[in-house]
Amino acid sequence: MTDHQFGPFGITTGLDSSAESIAAAQAAEQLGYPAIWLSGGPLPGLQTITDLVGATTAIKFVSGILAVSKYSAADVSTTYAALEASAPGRFTAGLGGAHGPKPIATLNSYLDELDVPVERRVLAALGPRMLALAGERTAGAYPFLIGAAYSAEARKVLGPDKLLTVSHLVVLETDADRARAIARDTISFFTRIPGYIASFKRQGFDEADQAELPDHMVDVLAAWGSPADIKAKLTEHLDAGADHVAVNVITGETGPQPIEQWRTLAPTLLG
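Residues numbered from 1 in each chain as written. Predicted model: local features only at pLDDT ≥ 70, side-chain atom pairs only at ≥ 80, totals over all residues. Heavy atoms only, no water.

Caption draft 1: Here's a closer look at helix α4 (residues 103–113). Within the span of α4, buried status applies to I104, L107, Y110 and L111. The buried residues of α4 occupy an angular sector of 130° when the element is viewed end-on, so they sit on one face. Away from the buried face of α4 by more than 90 degrees, exposed residues D112 and E113 are located. Elements that come into contact with the buried residues of α4 comprise α3 (73–86), β5 (91–96), β6 (121–123) and α5 (128–137). (Buried < 20%, exposed > 50% of the residue type's maximum accessible area, 1.4 Å probe, protein only. Helix = DSSP H or I, 4+ residues; strand = E, 2+ residues; numbered from the N terminus. Arc of directions from axis to C-beta. Contact = heavy atoms within 4.5 Å.)

Given below as structure tokens:
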């Protein structure tokens, strides 16, 4: 366990510097969520992290993730230093996206250049080599689209003292067919990405599973149902050794932040 004090449940979402995103971050803070893990794809730049921290008072932000192919170690270091001066303890640099033939070497070189303390950086890690690197050179790991059984394996690789945060899909929907359809639509995108293909295989999902996304696979990778159902599913990660679960609410719609779903879940997850 680390000293990040994120609590058991936080939020994964994509935010920018718009008024709508600022309002969503403020709403999450008011609801009592301790941390927001910022999806890297929608993040328009490092300035957004500064804007979000400045618009809130205590909630913590983790870049989940900054692609090292897009953001230089020098720029991330500068952003971290400025935020640590103005809002100490509220930003942790989550890194990943080392594409190419030698991702481990790429990340090692990047970490050599990064002027951010080990305890304030994490890696998006799925495979055992990346998990080992996260344990050796950062505060811990931030995997996505894994089941609780894999959280247990990740904990073994990381060791007992490193942060393990899992980003888990959540559908606040009690109709099984609709909930699974929403989850399936999101999961299907990742079945075309080599790193996730390998991760699914490690979790026991063969090519047919990845092509068809059967109910049993969807039910491992997404929590759905009532708030109590969802908490029970997410708690499986904590019981398996995770420290924190970042709730990635999906609704089947793009655009609006799922503030109402965060509000509905908050009493059960944070109470």
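Caption draft 2: Quick peek at the packing of aromatic side chains. All chains considered together, the criterion is met by 7 aromatic pairs. With a centroid separation of 4.9 Å and an interplanar angle of 65°, the aromatic rings of F190 and Y196 are classed as edge-to-face. Within the aromatic cluster, the residues linked to one another by ring pairs are F144, F189, F190, Y196 and F200. (Phe/Tyr/Trp six-rings, centres within 6.5 Å; stacked < 30°, edge-to-face > 60°.)

Caption draft 3: A look at the pattern of salt bridges. The tally for this structure, following the rule as stated, stands at 10 salt bridges. A salt bridge links R184 to D215; the shortest N-O distance between them is 2.8 Å. Of the two residues, R184 is situated in helix α7 (residues 176–190) and D215 in helix α10 (residues 215–221); the sequence distance between them amounts to 31 residues. Residue D215 is classed as partly exposed on the basis of its relative accessible area, which comes to 38%. When the shortest N-O distance is used, the salt bridge between K233 and E236 registers 3.7 Å. Note that K233 and E236 are positioned in helix α11 (residues 227–240) at a spacing of 3 residues, about one turn of the helix. Under the relative-accessibility criterion, E236 is labelled partly exposed at 38%. The network of salt bridges with shared partners includes R180, R184, D215 and D219. (Salt bridge = Lys/Arg side-chain N within 4 Å of Asp/Glu carboxyl O.)

Caption draft 4: Summary view of the side chain of T79. Among the structural elements, T79 can be located in helix α3. T79 sits in the buried class, given a relative accessible area of 12%. Once residues lying within four places of it in the same chain are set aside, the contact partners of T79 are L46 and T50.

Caption draft 5: Summary view of the side chain of Q210. Within the secondary structure, Q210 is located in helix α9 (residues 207–212). Among the polar contacts listed, one links the side chain of Q210 to the backbone oxygen of I197, at a separation of 3.3 Å. Setting aside anything within four residues of it in sequence, one finds Q210 in contact with T191, I197, F200, K201, F205 and M217. (Polar contact = N/O pair within 3.5 Å; in protein donor to acceptor, adjacent residues only side chain to side chain.)

Caption draft 6: Highlighting the environment of V76. Among the secondary structure elements, V76 is positioned in helix α3. On the accessibility criterion, V76 (0% relative accessible area) is buried. Contact partners of V76, with chain neighbours within four places excluded, come to L46, L66, Y71, A93, Y110 and L114.

Caption draft 7: Expanded view of the pairing of strand β10 (residues 244–249). Judged by how many residues are buried, β10 sits mostly within the fold: 6 of 6 residues are covered. By the alternation rule, side chains of β10 split into H244, A246 and N248 and V245, V247 and V249, which are all buried. In this sheet, β10 lies alongside strand β1 (residues 9–13) in parallel orientation, the contact comprising 3 bridges. Residue pairing for β10: I11 is matched across the bridge by V247. Pairing analysis gives 6 bridges linking strand β8 (residues 163–171) to β10, with the strands arranged parallel. Paired with V170 across the bridge in β10 is V249. (Pairing = 2+ DSSP bridges.)

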